[in-house]
Amino acid sequence: MSEEKKKIMFTVRKAPHGSIYVYEGLEVKLIMAAYDADISVVFMDDGVFAVKQGQNTKALGIKGFEATYGALVDYEITKVFVDRLSMESRGMTEDDLLVIGEDEDTEEPIKPQVVDSDEIAAMMAEQHNILAF
Amino acid sequence: MLHTVNKSPFQNTSLESCIRFTRPGDVILLIEDGVLAAQAGTSKSAMLEEVLAKNEIYALQADLQARALTDLVPGIKVTDYEGFVELVEKHATHAWL
Amino acid sequence: MKLAVCIYEGPYNHEASDTAYNFIQAALKRGHEFKGIFFYHDGVYNVTKLMEPPQDDRHIANRWSQLGATGIDIVVCIAAAKRRGIVDDVLVPNVRISGLGQLTMMAIEADRLVVFGD
């Protein structure tokens, strides 16, 4: 098939740890990354807390996922975005975001890209299907 | 794009977020507890009226009936499950869970 | 059109399973085809034969099973199911346990994927 890759977006709007949605949602992303699809991930609303650096779930006794998010780029999930207004209204800045991998050539850390809502809305409009977690 | 919202606007900001990401031509469908937003004369009515000036808003009839909501913000269209399917035929969907 | 549905919530506790079911019935009436129905998160509890609701209420698991009997592929996520104690032995007929790859295929191959959850 000479068809273009289908665009599949994941929106992450739930806060982490209070429920399993973010954790199990991540499992879907990792599986889907192995398939022939054009994947993007957008963190918005309370979902921005999922990409806050320094999370430690040890005392909860819950398996965390910060390490996996740190390897998103290794899974070839590189289109990772954070909604600016969601982030700022929750008292976070770009500095608070965790690293999702490093640049192959420069070894510079890669962080999610902070974008405005109209950009995200435009991306949403281009998707074949969107999964919300 | 079809945006489905299933949360009460009195307890959750899903509808507000949805509106922020709604573009011209997009449609919002209120389902489940989301239909609570459709009531006329609430603290959220003005927000819906503003959206209705630019976008269509539908509310699922079965959910309205179950919640005894009859007096709706003018302009909100009532639809059934088949109408829901028709909207899905026309648009890719995003669920604002 | 080819449609797919993903359901995140368990039965009775949340309306998601009911809304999804009513949506699917209406879509079938309109002549659509389903690539599949995928149960994820607590949604995996929708198809256990261990449920025994009062007789005057809907039997959610049987309803899904009957839909599966018509040939629609109803898939329970294996990772989510294992975590929650849902195994083949407790499933109603006409549904199957499989991997997230199935959800991936539905997302890619269905013209529309509709998500129902909380």
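In what follows, the structure referred to is the one given above.
One structure accompanies this document, and this report is about it. In this text the structure is predicted, and so the values were computed from the model without any measurement.

Rules used throughout
- Residues numbered from 1 in each chain as written.
- Chains lettered and ligands numbered in written order.
- Predicted model: local features only at pLDDT ≥ 70, side-chain atom pairs only at ≥ 80, totals over all residues.
- Heavy atoms only, no water.
- Buried < 20%, exposed > 50% of the residue type's maximum accessible area, 1.4 Å probe, protein only.
- Helix = DSSP H or I, 4+ residues; strand = E, 2+ residues; numbered from the N terminus.
- Pairing = 2+ DSSP bridges.
- Right-handed = clockwise from strand over helix to strand, strands pointing away.
- Contact = heavy atoms within 4.5 Å.
- Buried area = accessible area lost by both parts, 1.4 Å probe.
- Salt bridge = Lys/Arg side-chain N within 4 Å of Asp/Glu carboxyl O.
- Axes fitted to C-alpha atoms, helices over the stretch in contact; angles between N-to-C directions.
- Parallel < 35°, antiparallel > 145°, perpendicular 65-115°, else oblique.
- Nonpolar A, V, L, I, M, F, W, Y, C, P; charged D, E, K, R; others polar.

1. Looking at the pairing of strand 1 (residues 2-5) of chain B
Residue and element names in this part refer to chain B.
At step 1: Of the two faces of strand 1, the one carrying Leu2 and Thr4 and the one carrying His3 and Val5 are both buried.
At step 2: The pairing of strand 1 with strand 2 (residues 27-30) spans four bridges and is classified as parallel. From the neighbouring strand, histidine 3 faces strand 2, where its bridge partner is isoleucine 28.
At step 3: With helix 1 (residues 14-20) bridging strand 1 and the parallel strand 2, this β-α-β connection has right-handed handedness.
At step 4: Where strand 1 and strand 5 (residues 93-96) come together, four bridges link them in parallel fashion. The partner of threonine 4 across the bridge, within strand 5, is alanine 95.

2. Details of the pairing of strand 2 of chain B
Residue and element names in this part refer to chain B.
At step 1: Side chains of strand 2 alternate between two faces, with Val27 and Leu29 and Ile28 and Leu30 buried alike.
At step 2: Alignment of strand 2 against strand 3 (residues 56-60), held across four bridges, turns out to be parallel. From the neighbouring strand, leucine 29 faces strand 3, where its bridge partner is tyrosine 58.

3. Focus: the interface of chain A and chain C
At step 1: Facing the 21 residues of chain A at the interface are 22 residues of chain C.
At step 2: The junction of chain A with chain C conceals about 1,700 Å² of combined surface from both sides, 57% of it contributed by carbon and sulfur atoms.
At step 3: Three residues, A:Tyr21, A:Glu24 and A:Asn129, lead the burial of chain A against chain C; their summed loss comes to 29% of the area buried on that side.
At step 4: Remark: the boundary between chain A and chain C carries three salt bridges.
At step 5: As a salt-bridge pair, C:Arg84 and A:Glu24 come within 2.9 Å of each other at their nearest N and O atoms.
At step 6: Residue assignment for the side of chain A that touches chain C shows that the elements contributing at least two residues are strand 1 (6-12), helix 1 (21-32) and strand 7 (129-132) of chain A.

4. Describing the packing of helix 1 of chain A against helix 4 (residues 100-109) of chain C
How two helices pack is summed up by the angle between their axes together with the distance between the axes.
At step 1: Orientation of helix 1 of chain A relative to helix 4 of chain C, taken along the N-to-C sense of each, is 70 degrees, at an axis distance of 9 Å. By the angle between their axes, helix 1 of chain A is roughly perpendicular relative to helix 4 of chain C. Contacts between helix 1 of chain A and helix 4 of chain C involve A:Glu27, A:Val28, A:Ile31 and A:Met32 from the first element and C:Leu100, C:Gly101, C:Leu103, C:Thr104 and C:Ala107 from the second.
At step 2: Tallied by class, the residues present in the contact of helix 1 of chain A with helix 4 of chain C amount to six nonpolar, two polar and one charged.

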